[in-house]
Amino acid sequence: MSPSVPLQEMIRAIRSARTQCEERGVIQRECAAIRAQFRQSDNGSRSHNLAKLLYVHMLGYPAHFGQMECVRMIASPRYSEKRVGYLGAMMLLDEKQDASLLITNSIKNDLSHSNQYVQSLALCTLACMGSAEMCRDLAPEIDRLLRASNSYIKKKAALCAVHIVRKVNELGELFAPAARSLLSEKNHGVLHGAVVLITELCERNPETLERFRKTVPDLVQIMKGLVISGYSPEHDVAGISDPFLQVRILRLLRILGRNNEPASDAMNDLLAQVATNTDSTKTVGNAVLYETVLTVLDIKSESGLRVLAVNILGRFLLNNDRNIRYIAMISLQKIVGTDHNAVQRHRGTIVDCLKDQDASVKRRALDLSLALVSASNIRSMMKELLLFLSSCPPELRSQAASGIFNAAERYAPSQRWHIDTILHVLTTAGGDVRDETVPNLIQLITNASELHCYTVHKLYRALLTDISQQSLVQVACWCIGEYGDLLLRGECQETEPVQVTEDDVLDALETVLQSHMSSPTTRGFALTATMKLSTRITDNVDRIRSIVSIYGSCIDVELQQRAVEYNALFKKYDHMRAAVLERMPVIEKNSPGHTNGESAGENVKETQLAKFKQGETLLPPQPANQVCDLLDLLGSSEETLQPSPAVSGPVPGLPANTAGGDLLDLLGGLEPAPVAPAPTVSVYDKDGVTLTLSCEKQSDSGLTVTLTASNSTDSDISSFTLQAAVPKSVQLHMKAPSGDSLPARGAAKVTQMVMLNNPNKVSLKMRIRISYTRQGSAFQDTVQIDSFPGLGAAGH
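Each value, and the rule that gives it
Residues numbered from 1 in each chain as written. Predicted model: local features only at pLDDT ≥ 70, side-chain atom pairs only at ≥ 80, totals over all residues. Heavy atoms only, no water. Patch = residues over 30% accessible without salt bridge, like charges linked within 9 Å, V, L, I, M, F, W, Y side chains within 5 Å. Areas by Shrake-Rupley, 256 points an atom, 1.4 Å probe, with all protein chains shown as cover. Salt bridge = Lys/Arg side-chain N within 4 Å of Asp/Glu carboxyl O. Lys, Arg positive; Asp, Glu negative; His and termini not counted. Charge placed at Lys NZ, Arg CZ, Asp CG, Glu CD. Helix = DSSP H or I, 4+ residues; strand = E, 2+ residues; numbered from the N terminus. Buried < 20%, exposed > 50% of the residue type's maximum accessible area, 1.4 Å probe, protein only. Pairing = 2+ DSSP bridges. Polar contact = N/O pair within 3.5 Å; in protein donor to acceptor, adjacent residues only side chain to side chain. Contact = heavy atoms within 4.5 Å. Core = buried A, V, L, I, M, F, W, Y, C linked by side-chain atoms within 4.5 Å.

A cluster of acidic side chains, namely Glu 261, Asp 265, Asp 269 and Glu 302, defines a negative patch on the protein surface. Positionally, Glu 261 belongs in helix H15 (residues 261-277). Given the relative accessible area of 47%, Glu 261 is considered partly exposed.

Bridging between strand S3 (residues 680-686) and strand S4 (residues 689-697) involves 6 bridges; their strand directions are antiparallel. Among the inter-strand pairings, Val 681 is bridged to a residue of S4, identified as Leu 693. Pairing between S4 and strand S5 (residues 702-711): 9 bridges, direction antiparallel. Bridge pairing in S5 links Cys 695 to Val 705.

You can see Asn 711 is positioned in strand S5. Only 2.6 Å separates the side chain of Asn 711 from the side chain of Thr 713, close enough to count as a polar contact. Setting aside its immediate chain neighbours within four residues, Asn 711 contacts Gly 688, Asp 716, Ile 717, Leu 742, Pro 743, Ala 744, Arg 745, Gly 746 and Arg 774.

All chains considered together, the criterion is met by 34 salt bridges. Arg 583 is the salt-bridge partner of Asp 485, the closest N and O atoms lying 2.8 Å from each other. With Asp 485 in helix H27 (residues 470-489) and Arg 583 in the loop between helix H32 (577-580) and helix H33 (606-611), the pair connects residues that are 98 residues apart, well separated along the chain. Note that Asp 714 is salt-bridged to Arg 745, the shortest N-O span being 3.5 Å. Taken together, the residues Asp 714 in the loop between S5 and strand S6 (717-725) and Arg 745 in the loop between strand S7 (731-734) and strand S8 (750-757) connect sequence positions 31 residues apart.

Judged by nonpolar contacts, the single largest core of 182 residues is most densely connected at Ile 142 and Phe 175. For this core, the leading source of residues is H27, giving 12 residues. Residues within four places of Phe 175 in sequence aside, it is in contact with Ala 139, Ile 142, Asp 143, Leu 146, Ala 161, Ile 164, Val 165 and Leu 197. Counting 30 residues, the second-largest nonpolar core is a separate cluster that includes Phe 720, Val 730, Met 734 and Val 750.

Positive phi outside glycine occurs at Asn 259, with the angle close to 60°. As for its position among the elements, Asn 259 is in the loop between helix H14 (243-257) and H15. Looking at Asn 259, the relative accessible area reads 62%, which means it is exposed.

Encoded structure:
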């Protein structure tokens, strides 16, 4: 290919290349020819070669060797070369290139050129790639051009000033007077540039914002002229007069009227006029209406005008364009908290959007529907949400279930309705709910004592229907174990009487135990329920004993341990079985329960667990993530602490009452001996938060550490958590804390028990991370413990 081929021929040759390798060959040959011609001092085709190089640059190939040629062509007196040179500078240069500084003087000279098109080239280049140094040097020239008589130049200068203000914020004061005077221009291009410049100045400087609030009447007048003006071919777009300028003015009014009553009052009538007179059948009109709505909702507008804005968004929800429906959802979501009643009027339309085919619109409709739930519409809205849950995409199921739990907790008209709603969710999407749902629902059922019979009947039927939903099966097993005697009576006023035999109940539990769909946790619930039934039935105790003995050799260690302990109750401690397996007492909340996965129920008291050491094996297995075996975490100062979370809420299988001192001898046959109080030392005292530590040696390698926190300040502390780390060879297990809040002035304390096992007798160290929230601010600190009271500096 000849080096002198026209640009069109080079493009044709590149496009006809059949492989990437062939294309690279064509471009390399042409770039070599361009380099050779650039080196010639008398080259009449420089603009032609640079144009070809710019096309090569657009394809992604290196073109940096043309930078100096751009500088030379910008200095050329010929307009054709200057135009290509400026274009090359905008594409090949940026503020990081040293060559960009070489064109500063050329730009300054061209800004004073007699030809407006040469001035325009310089303005566009400076606005595109001007560095902070170039902007400081050339800002006075731009300010001079803002006051020129040529509208074409003033328009370009205003947009160049916007770039300068963004690069060098303090130069905004220089352009403010000229920008104010531009609002009196009749040319729409100049007005558009002026509004953009004023918007930039107001967003960056509060003092400038206050000064420009005086221009609100001028902006209102300009906007009114656009709204009521007749047909103008020059500015008309689909029947709307210059919608681009209207949108810019509305955005500026939004900034000027925010948190300012006089400015908002001055624009209220205009906004009402735009909202009622703009055609909403076309996209152009909808764009203007959307900006109007955003302005109305952001300023201190009248209540009637805000209702009008919400109604416009309601009409957007009926639009066939999914993008318009989506932005309407986003806007309504932002204002539902402040204009709840106005948004409620469009509840039916919003709920219909749950059936939309677009996944984004459907997600926004779900968020908005959940936000619209109130005490007055809880029943009707929940019907729609439950219907949506049964057919929603898998990625939305968890969000929908969590939102329904939240709404049911806040606005449930009755306990029965609350329980029915949660059971419906578990039946529909039990695999997508949070793990905390099971203990929270158990707590809810426990507290509704008059509904125990109704609940156990309903859950038994659900268990017979489907055992794939693990959360539902776990709750059902727990209820059958607790209230199996109510189920066997067959008397329930709320439902049709159903005769259930002991064999039927045990068959259902055995099905859960043997099903491949049951998780180890679910099998633990089922085995505990089977064991509890041994005190609630009379004729099938031998069958229960047989089931329990079978799982004594189960491959799952947790299930095996539980079965062995239950088998011991049948044999050696049969006289204590009835007391150990009594019904769980009603759980009193010490904080509001939340069935959406937040804290609920009463934490198991650490003092009770400490008192019955040998009875701890009756507790259910802890999840794997609650075992904190940290690997060499104290080896350096760069370790990351990992939490050892504690379980709260009711614990299935934990006996309601104890059998006195006999329980202490449950597995070991030892009599309790009085223990001297363990020595206590203070390990942390900062900002009113005090942490003390006491130790109790359990065995040659076992140690129980009790951490007690108190708050001596005058403000309450919430979200209090302790996390612990130990060397890798030491085994650590954290029990449930006694709470997560520290009242002011030491009104209550939080106790955390930590079980340590040090089989290798290494030097024992512990690092504690303390996290809490006080007056809305989060605090976090770390303390390292190198010695333990009563054990010596080396630990074990």
